[in-house]
Each structure stands twice: as C-alpha cells, then as structure tokens.
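Analysis of the macromolecular model
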Amino acid sequence: MADNEDIDILNKNLNRYDDPDYLNVNGYRPSVDLNSKLKFEKSTIEKIASVAAYQVPGVLALKGGVISGIQETFGSEDMTKGVSAEIGEKEAAFDISIIMEHGYSAQKVYDDIKEIVSEHIQSMTGLVAVEINLKIVDLMTKRDYENYKNPGSDNLR
C-alpha cells in the first residue's frame, strides 16, 4: 500500500500541467498549442447542421439528392441529406434544402434555421457559420408529408 508521500508525488505528476511551476526537461512549460489542429469531417459538420435544422418549427424534412433517395430505398437513413457544407479552418458555409410545412412563414423558417444552425456549429465546433442558404424544395401539409413518406398508407383521416 502506498504511503501519503507516494500519493502526493502521484497527484503532483497527474496535475503538473495545471501547476504554473511545472517545467519540462528543457526548462520551459509546454505550450498547450503544440501546432495541433482540431479538424472535422465534412459529414460531421453537415450532421450537426441537419440536426439543428430539424428543430425549427415548419421544417418537415430535409431534402437530399438522388444518392439520399437510393440510401433510403434500402433502409439506410442519410443524416446529412439536404445539407451541403464547405468548411475551412475557422468558418463554414451551408446550403440547406427543406420541405416546409404549409402555414409557416418562409422568412421566419429561414431566419430560425440561420440562428439555430449558427449556434450549434459555433458551440459544438468553434466554427463560425459565415453563409447559410436555404432552398425550399417543396411545401406540404403534415398529412401530405405523411402520405409522401409512407405511400399506400391510409392517412386520409
């Protein structure tokens, strides 16, 4: 069993980077920014934007292209469908395509998407959303959308 002195040495070694007096063998404290970079896959950034956009009232779905449609045909959901991102080291730009619910203001949905996507991207990645373009590819009622999603189902109530 370790004595108190051994425990103190162990704790000091574990906490040495928090200790302002810690010096490495060359006589200087190691920099936290050792030429390191935090990077994200494009699909990760697109997924964050997608999840954020779905939180906006009036967004029924994000609308992907042909590849998303093929994936969904085979039972695989594309979490990045409807979102295309260009990312740099500190900034990101987005093109988002949605199916909007009838009865909502397109301008309000657009403003809300810009706000929530920007907030999520900034808080989760540190990137700044410098451009967010929204394309409304279709407008449907909830009932029409359910019929569109589940063709052949009886949603005519």
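Because the structure is a prediction, the values reported are computed rather than measured. (Residues numbered from 1 in each chain as written. Predicted model: local features only at pLDDT ≥ 70, side-chain atom pairs only at ≥ 80, totals over all residues. Heavy atoms only, no water.)

Some words on the overall build of the chain
Put simply, the test is: Numbering goes from the N terminus for both helices and strands, where a helix is a DSSP run of H or I of at least four residues and a strand is a run of E of at least two. Each residue is assigned to one of three classes by its accessible area relative to the maximum for its type, calculated with a 1.4 Å probe on protein chains only: buried under 20%, partly exposed between the two thresholds, exposed over 50%. By the convention used here, residues are in contact when the closest approach between their heavy atoms is within 4.5 Å. Residue burial considers only the protein chains on display, and all accessible areas are found by Shrake-Rupley using a 1.4 Å probe.
Scanning the chain from N- to C-terminus turns up 5 helices and 4 strands. When the elements of the chain are put in sequence order from the N terminus, they spell out α-α-β-α-β-β-α-β-α. Here the chain holds 157 residues, and the buried ones make up 27% of them. Intrachain contacts of the chain at a sequence separation of at least 6 include 66% that bridge at least 24 residues. Counting every atom, the chain has about 11100 Å² of accessible surface; 51% of that belongs to carbon and sulfur.

So, the layout of surface pockets
Rolled over the atoms, a probe sized like a water molecule indicates the empty space that remains. Our working rule: Buried and open spaces are told apart on a 1 Å grid over the protein atoms alone, a cavity being a set of points where a 1.4 Å probe fits but cannot get out and a pocket being an open set with protein on both sides within 12 Å along at least five of seven lines. Residues with an atom within 4 Å of a point are the lining residues. Grid points are joined across faces, edges and corners, and a volume is the space filled by probe spheres set on the points. Only Asp, Glu, Lys and Arg are considered charged, only Ala, Val, Leu, Ile, Met, Phe, Trp, Tyr, Cys and Pro nonpolar, and every remaining residue, Gly among them, polar.
There is about 190 Å³ of room inside the second largest pocket. Classifying every residue of the lining of the second largest pocket gives 4 nonpolar, 2 polar and 3 charged.

Side note on the confidence of the model for the chain
So the rule is basically this: pLDDT is a residue-level measure of predictor confidence that goes from 0 to 100.
Of the residues in the chain, 67% reach a pLDDT of 70 or more, and the chain-wide mean stands at 81. When mean pLDDT is compared element by element in the chain, helix α4 (residues 106-125) scores highest at 98, while helix α3 (residues 66-73) scores lowest at 44. Confidence drops under pLDDT 50 across residues 66-74; counting only partners more than four residues distant or on other chains, this segment forms 5 contacts.

Focus: the nonpolar core
Here is the rule we go by: The term nonpolar core refers to a set of buried residues drawn from Ala, Val, Leu, Ile, Met, Phe, Trp, Tyr and Cys, joined through side-chain atoms within 4.5 Å.
Counting residues in each nonpolar core, the largest one holds 23 residues, and the members touching the most others are Phe94, Ile96, Ile98, Ile113 and Val117. Secondary structure elements with two or more residues in this core: α2 (42-53), β1 (59-62), β2 (83-87), β3 (91-101), α4 and β4 (128-140). Ignoring any residue separated from it by four or fewer positions in sequence, one finds Phe94 in contact with Ile45, Ala49, Val83, Ser84, Ala85, Val117, Ile121, Ala129, Glu131, Ile132 and Asn133. Counting 5 residues, the second largest nonpolar core, distinct from the first, contains Leu60, Ala61, Met140 and Tyr145.

A look at the environment of Val137
Within the secondary structure layout, Val137 lies in strand β4. Taking the relative accessible area as the measure of exposure, Val137 reaches 37% and is therefore partly exposed. Residues Val137 and Ser97, 40 residues apart in the sequence, show an inter-C-alpha distance of 6.3 Å. Setting aside anything within four residues of it in sequence, one finds Val137 in contact with Lys63, Ser97, Ile98 and Ile99.

Some words on the environment of Glu146
Of note, Glu146 is situated in helix α5 (residues 142-149). A C-alpha to C-alpha distance of 9.6 Å links Glu146 and Leu60, two positions 86 residues apart in sequence.

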